[in-house]
Amino acid sequence: MSFWKSIFNSSPSASTVIPLESPSQSSPTEADQRNGTSERRIVFSKDRALDLYELEELCDAVGWSRRPLRKVRKAIQHSFLVMSMWEERGTSRRLIGFSRATSDHAFNATIWDVVVHPKFQGRGLGKALMQQMIRELRREDISNITLFADPHVVSFYSELGFTPDPEGIKGMFWYPNAK
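Residues numbered from 1 in each chain as written. Predicted model: local features only at pLDDT ≥ 70, side-chain atom pairs only at ≥ 80, totals over all residues. Heavy atoms only, no water.

Going by the annotation in an unreviewed UniProt entry, the name recorded for the chain is GNAT family N-acetyltransferase, with Lyngbya confervoides BDU141951 given as the source organism.

The structure is reproduced here in structure tokens:
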């Protein structure tokens, strides 16, 4: 527990690094040792310079519908906060998680597009990604943080302190051609 506290109580920076141990691999392979890639770590970054094709591959891995890349680029550019999560092994880097938030820059923010590659799920990395997002939003003095959750992930967000609207559902949606 103190390890996670040290990660989440660290000073502000553009990226945060944590070591990663694969549950299926306790020691580096010979190929890893030859390539100098035995050290694996997770890096969180607020840098918006993402390869959109790599992000699309990540979204494909979890079964999300494809979205036009020009719209994804625009969404990222207009987001208040963008957080990516990378597996680094030696000099190679792989996008394994992503999230972004929009905001009024004063009171409210909404978190969107939380995704963690299936091979990295179940290790606490989704929780770490969300905690990074919340910490950064709170650092900007955002007091109301919202998100939309599919039914199968509601318990995940509940464990992070998100609750359904205590005053009942106030959100409404408008969709084109909907009647």
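**Q** Mind showing me how you'd approach the overall build of the chain here?
**A** Each helix and strand in the chain was counted, giving six helices and six strands. Counting only residues that meet the buried cut, the chain has 36% of its 179 residues in that class. For the chain, contacts bridging at least 24 residues in sequence account for 64% of all contacts bridging at least 6. Carbon and sulfur atoms provide 51% of the accessible area of the chain, an area that totals close to 11,700 Å². (Helix = DSSP H or I, 4+ residues; strand = E, 2+ residues; numbered from the N terminus. Buried < 20%, exposed > 50% of the residue type's maximum accessible area, 1.4 Å probe, protein only. Contact = heavy atoms within 4.5 Å. Areas by Shrake-Rupley, 256 points an atom, 1.4 Å probe, with all protein chains shown as cover.)

**Q** Just checking my understanding: could you explain unusual backbone geometry for this structure?
**A** With glycine set apart, most residues show a phi of negative sign, and most peptide bonds adopt trans. Despite not being glycine, H105 shows a phi value in the positive range, around 70°. Taking the relative accessible area as the measure of exposure, H105 reaches 58% and is therefore exposed. One non-glycine residue with positive phi stands out, namely D141, at about 65°. Here D141 lies in the loop between helix 5 (125–139) and strand 6 (144–147). What makes D141 exposed here is its relative accessible area of 55%.

**Q** Hey, could you run me through the packing of aromatic side chains in this one?
**A** Aromatic rings considered in pairs are described by the distance between their centres and by the relative angle of their planes. Under the counting rule described, the total for this entry stands at five aromatic pairs. For the ring pair F173 and Y175, a centre distance of 6.2 Å and an interplane angle of 10° mean the geometry is stacked. Classification of F173 as exposed rests on a relative accessible area of 55%. Exposure remark for Y175: the relative accessible area of 53% places this residue in the exposed category. Among the aromatic residues, those joined into a ring-pair cluster are W112, F148, F173 and Y175. Directly above the aromatic system of W86 lies the positively charged group of R93, at a separation of 4.2 Å from the ring centroid. (Phe/Tyr/Trp six-rings, centres within 6.5 Å; stacked < 30°, edge-to-face > 60°. Lys NZ or Arg CZ within 6 Å of the ring centre and 35° of its normal.)

**Q** Looking at this model, I keep getting lost on the pairing of strand 4 (residues 92–103). Mind explaining?
**A** Sheet faces and side chains relate simply in a regular strand, where the side chains alternate between the two faces. Inspection of the sheet shows strand 3 (residues 81–89) paired to strand 4 by nine bridges, in the antiparallel sense. Each bridged residue has a counterpart across the sheet, and for M83 the counterpart in strand 4 is S99. Hairpin connection, strand 3 to strand 4: the antiparallel pair is bridged by two residues, and G90 has positive phi, about 65°. Strand direction decides the pairing type here: strand 4 and strand 5 (residues 108–116), joined by six bridges, are antiparallel. The residue bridging A101 from the neighbouring strand is I111, located in strand 5. Connecting strand 4 to the antiparallel partner strand 5 that follows it, the hairpin turn spans four residues, and H105 within it adopts a positive phi of roughly 70°. (Pairing = 2+ DSSP bridges.)

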